[in-house]
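# Descriptive analysis of the structure
Each chain, letter by letter, is given below.
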Amino acid sequence: MAQSDETKKKVVVRVCIGTGGLAAGGKEVIEAFKKAISDFCVDIELDFTCHYQKVGCRGFCARDVLVDVVDGDTSVTYQGIKPDIAKRIVQEHLINGQPVKEWLIDDSYYSFHSKQMKVLLKDCGTIDPEDIQAYSKVGGYTGIRKILSTMTPEDVIAEIKASGIRGRGGAGFPTGVKWEACRKAQGDVKYIVCNADEGDPGAFMDRSIIEGNPHSVIEGMMIAAYAIGAGLGYVYIRAEYPAAVERLKLAIAQAHETGHLGKGLFGSDFSFDLRIKLGAGAFVCGEETALIASIEGERGMPRAKPPFPVHRGLWGRPTVINNVETLSNIPYIIRNGASWYSSIGTDKSKGTKVFALTGKIRNTGLIEVPMGIRLGEIIYDIGGGIIGDKKFKAVQLGGPSGGCIPDHLLDTPVTYEDIVRTGAIVGSGGMVVLDETDCMVNIAKFFLEFTQAESCGKCVPCRIGTKRLLEILDRITRGLGKEGDIELLEALCSDIKVASLCGLGQTAPNPVLSTLKYFRHEYEAHIKDKKCPAKACKDLLIYSILEDICKGCGVCKRACPAGAISGDKKKPHKINADLCIRCGACFDVCKFNSVNRE
Amino acid sequence: MIKLMIDGKTLSVPDGTTVLDAARRFHINIPTLCHHPKLTPFGGCRLCLVEIKGIPRPVTSCTTPAAEGMEVTTTSPNLESLRKTVLELILSDHPNDCMICERAGDCTLQELAYFYGIRKNRFSGERRTYSKRDGNPFIERDMEKCILCGRCVKVCDEVEGVAAIDFAYRGFKSKICPPYEKDLNCEFCGQCVAVCPTGALTGKAWKQRGRQKDVREVDTTCAYCGCGCSLTLHVQGNEVIRVTSREDTLNEGWLCVKGRFGYNFINSPERLKKPLIRKDGKLEEASWETALDYVAGRLKDVRDKYGPNAIAGLSSARCTNEENYLFQKFIRGVIGTNNVDHCARY
Ligand SMILES: Cc1cc2nc3c(=O)[nH]c(=O)nc-3n(C[C@H](O)[C@H](O)[C@H](O)COP(=O)(O)O)c2cc1C
Ligand code: SF4
Ligand code: SF4
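Residues numbered from 1 in each chain as written. Chains lettered and ligands numbered in written order. Predicted model: local features only at pLDDT ≥ 70, side-chain atom pairs only at ≥ 80, totals over all residues. Heavy atoms only, no water.

### Quick word on the interface of chain A and chain B
Taken together, the contact pairs 33 residues of chain A with 31 residues of chain B. Approximately 2,700 Å² of surface area, both sides summed, lies buried where chain A meets chain B, with 58% of it carried by carbon and sulfur atoms. Sorting the residues of chain A by area buried against chain B places R299, R463 and R468 of chain A first, and these three jointly supply 22% of that buried surface. At the junction of chain A with chain B, the criterion picks out 2 salt bridges. We note a salt bridge from E454 of chain A to R170 of chain B, for which the minimum N-O separation is 2.6 Å. At the boundary of chain A with chain B, the tally comes to 17 residue pairs in polar contact (both at pLDDT 80 or more). (Contact = heavy atoms within 4.5 Å. Buried area = accessible area lost by both parts, 1.4 Å probe. Salt bridge = Lys/Arg side-chain N within 4 Å of Asp/Glu carboxyl O. Polar contact = N/O pair within 3.5 Å; in protein donor to acceptor, adjacent residues only side chain to side chain.)

### As for the sheet that holds strand β4 (residues 59-60) of chain B
Spatial ordering of the open sheet is given by β2-β1-β5-β3-β4 (chain B), a layout of 5 strands whose pairing is mixed. The sheet terminates laterally at β2 (9-13) and β4 of chain B, the two strands that pair on one side only. (Pairing = 2+ DSSP bridges. Helix = DSSP H or I, 4+ residues; strand = E, 2+ residues; numbered from the N terminus.)

### Observations regarding the site of ligand 1
Residues and elements named next belong to chain A. Among the 18 residues in the neighbourhood of ligand 1, the closest are listed as G169, K178, E198, N323 and T326. N195 is positioned such that a nitrogen or oxygen atom in its side chain is 2.9 Å from an oxygen atom of ligand 1. In this structure, E288 approaches ligand 1 through a main-chain N or O atom, which is 3.1 Å from an oxygen atom. Those elements that provide at least two residues to the shell around ligand 1 are β8 (319-323) and α21 (503-507). Here the shell around ligand 1 takes 3 residues from β8, the largest share from any one element. In terms of residue class, the shell around ligand 1 is made up of 3 nonpolar, 9 polar and 6 charged. (Near = heavy atom within 4 Å. Nonpolar A, V, L, I, M, F, W, Y, C, P; charged D, E, K, R; others polar.)

### Focus: the pattern of salt bridges
On inspection of all chains with the given rule, the structure shows 52 salt bridges over all chains. Here D474 of chain A ties to R478 of chain A by a salt bridge, and the two come within 3.0 Å at their closest N and O atoms. Between D142 of chain B and R133 of chain B there is a salt bridge, and its shortest N-O distance comes to 3.9 Å. Taking relative accessible area as the criterion, D142 of chain B reaches 16% and is therefore assigned buried. Taken together, the shared-partner salt bridges connect D97, R133, E140, D142 and K145 of chain B into one network. (Buried < 20%, exposed > 50% of the residue type's maximum accessible area, 1.4 Å probe, protein only.)

### Digging into the site of ligand 3
Near ligand 3 lie 14 residues; those nearest to it are C146, C149, G150, C152 and C196 of chain B. Looking at side-chain class alone, the shell around ligand 3 contains 11 nonpolar, 2 polar and 1 charged residues.

### So, the packing of aromatic side chains
All names here are of chain A. Counted by the stated rule, this structure contains 13 aromatic pairs over all chains. Here the aromatic rings of Y543 and F587 are separated by 6.3 Å at their centres, their planes lie at 70 degrees, and the arrangement is edge-to-face. Of this pair, Y543 sits in strand β14 (residues 543-545) while F587 sits in helix α24 (residues 585-589), and the two are 44 residues apart along the sequence. F587 gets classed as partly exposed once you look at its relative accessible area, which sits at 30%. Members of the aromatic cluster, joined through ring pairs, are Y226, F270 and F272. Over the ring of F587 we find R597, and its NZ or CZ is 4.1 Å from the ring centre. (Phe/Tyr/Trp six-rings, centres within 6.5 Å; stacked < 30°, edge-to-face > 60°. Lys NZ or Arg CZ within 6 Å of the ring centre and 35° of its normal.)

Any functional reading would require information beyond the geometric quantities listed.
Below, the structure is given as structure tokens:
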């Protein structure tokens, strides 16, 4: 090689190795790139060096493994890359300058990004999360340096209050107010705890942030620690997130080595250290008092508040517990100023929010949107609408604590107040899109199954009440619903909400109440007519063969696993309802659409 | 002192009193199942919910400290309907076989169901069923009757310091059990039995020995050791069928395994009731007078022949302080030696 590294043109190859990327083979793709680059570097003289970087989640998980080739100002993105394609990209694109057309990302990738606003996810997906320098290069750790040299803890709290940021863990409590309460609480020892338990089914916002930009969380915790007067922080993270845990461990180790954690940081007398505590995957351990108990080595069971953790938290000391996304926002607020942050969003809901967009939608993945964006924009512009030619039915927000929002409310802006008004909650960021084939009773049942199994068992309304709710929902979906069931559901839901101790029980009925509010007719159809309008409840389906269409080909007869279909060749066939197990095999195989399902 | 208003009455209570304790001090009844005055508040049964002016939702009075100027309502149609729902839910997951339950008539759940007149239950469904029987010799654990109030867990941890049991599993499957669901292997003090508000925990020896109404309660002092714990013997005819201890005694109702469960010796045919004197290698019954004269005579003989230091006295932790005092006085003053000791020193 003739030229020195510095003078060479720099081409960067970025490979997505968030959990989605890893699952799709990101590690192998990196190896393939390494090999291809070194192979070619040996026999062909390249006039640039290649850096392959390991980047965190960029949100478009459906198309993993995603690879960017950044050459100066131009960036080309590939989708669905497997190790064997790496060699072609190196040869055709890097060496010959011709992007490999068949693997280029399509238009939906760009529309997916058009209405998003990336603050947290901007760096998450471009910088190497396993290198502290990468974070520093994009402005990382300037926030903590700035406050240590120019701001008092009270200034920091004022700044956070002025930004208007509210907690992203679900409840939307103003972060500055929480910090201030802890700052003012009596006590020489205080703690900052990062809640990375992320137990909502289908949610992966926090995991992606830790995997993609762990140092932003660490810096956020440092700033919080300085503001409240803490010297030690804990990250409570679920053990089911092994990649995130590894990233975090590495980040903490690097921060130690480079003087970003420890005693007397950045020439000040501020000291801060971090510990990781692994959670065993109980949803309720995300509730702050249960989380504290779990760190202390007790069973994760919530206790009554007051006293609030800001007054008596971990080991009885004043403690601030903040969500991953909340903390990850903090360095950006300090760096760019409160007025920058509060310029994003609406009057009472500031900043951006990360959602995990899933369900019956074209573009699934992780998105970041400004608060105040309308639900419809997320679903149709970012999400690309419903898969296939199905009709949109509802969007579920807030997971097991949230609710379903129907078609006619898609104009609702995503703000804490507006979403609550619909009966759902913004929640921690789960957003599941449902289409006309989703039965709303069944959806409610799905979430109740989750909350029932995850109740800590402490209080009666939650432990037994959710079980009874679930049983009623179950019998409705099996066609055994009774007159009065809806009223009983409503009465029980209302009592569980009022009488439960913690947020889990208090919100567990929400999926039932919100589906009852907008889709009561579906409940009634199940109970009164023994019909599932979405044709999703197996027990309520009746299969029959339309005699005038049936050609008597016998395909259904062979497909039926229960031997319920009889008929002579070329004569209309019949289904014996007593034998039919309602599996739908005949419906799927009939080429003439002569199997009727209702 | 804090001044607050409960159900329209103005009351004064010391700082740190909970709303529940404040109400109970003034005989305002709030139903509870998980609360126990000697244990830290749990807040699980949700029966003690009260309304407090200015707080949007009902709160558990057992966990809420009384505050100056607080206005508390302990009963309202809304609160009573919540309490009824809670009781119905508990009973929907309960064997409801009070007819054959050891604790019938002495069970808080049964009493509350009675006061709330719960005959019909809006809720029904799966009930927890456990086939496993705990093989320990003392404590019957019928966990189908357990309402998960957590009192047994707390007493074992907070009072006994043993922590032999805890909550396990989640959701409807939650249960109280020893580690790995093995048989109970602990001190068997039975403190858990004493605090259990239902028939979930009982003494194995209590089984089908009789109802409380037929029992005569006799207060006495435990003879097992010098602590002098108060016992209440539950006597039927001339037989002790159960032992408990009252909370307003010096041992505050807490007992050990011997005091609580070790009463079978009372009617044992092998029990020694008279002194025995060995004659020609055989033990023979004697009167107390004869036996004491015999012992005194031998002590005298030995002392006269070999001197007082040939004798040593060893007393017992099962004796009271007074008895031990008298014993050493006897050995020192009457026999004339300092050779006196006590089993608890070994
Ligand atoms: C059942 C339950 C589960 C929760 N799980 C989480 C979680 O996984 N992550 C989280 O950040 N907050 C969770 N929360 C909310 C926390 O209790 C707490 O409010 C939050 O971590 C505070 O952080 P924030 O102010 O930054 O939102 C949960 C709450 C409840 C009631
Ligand atoms: S509401 Fe449910 S999860 Fe929360 S403390 Fe009660 S039983 Fe446990
Ligand atoms: S065994 Fe008794 S004391 Fe223990 S939790 Fe169950 S009901 Fe409560």
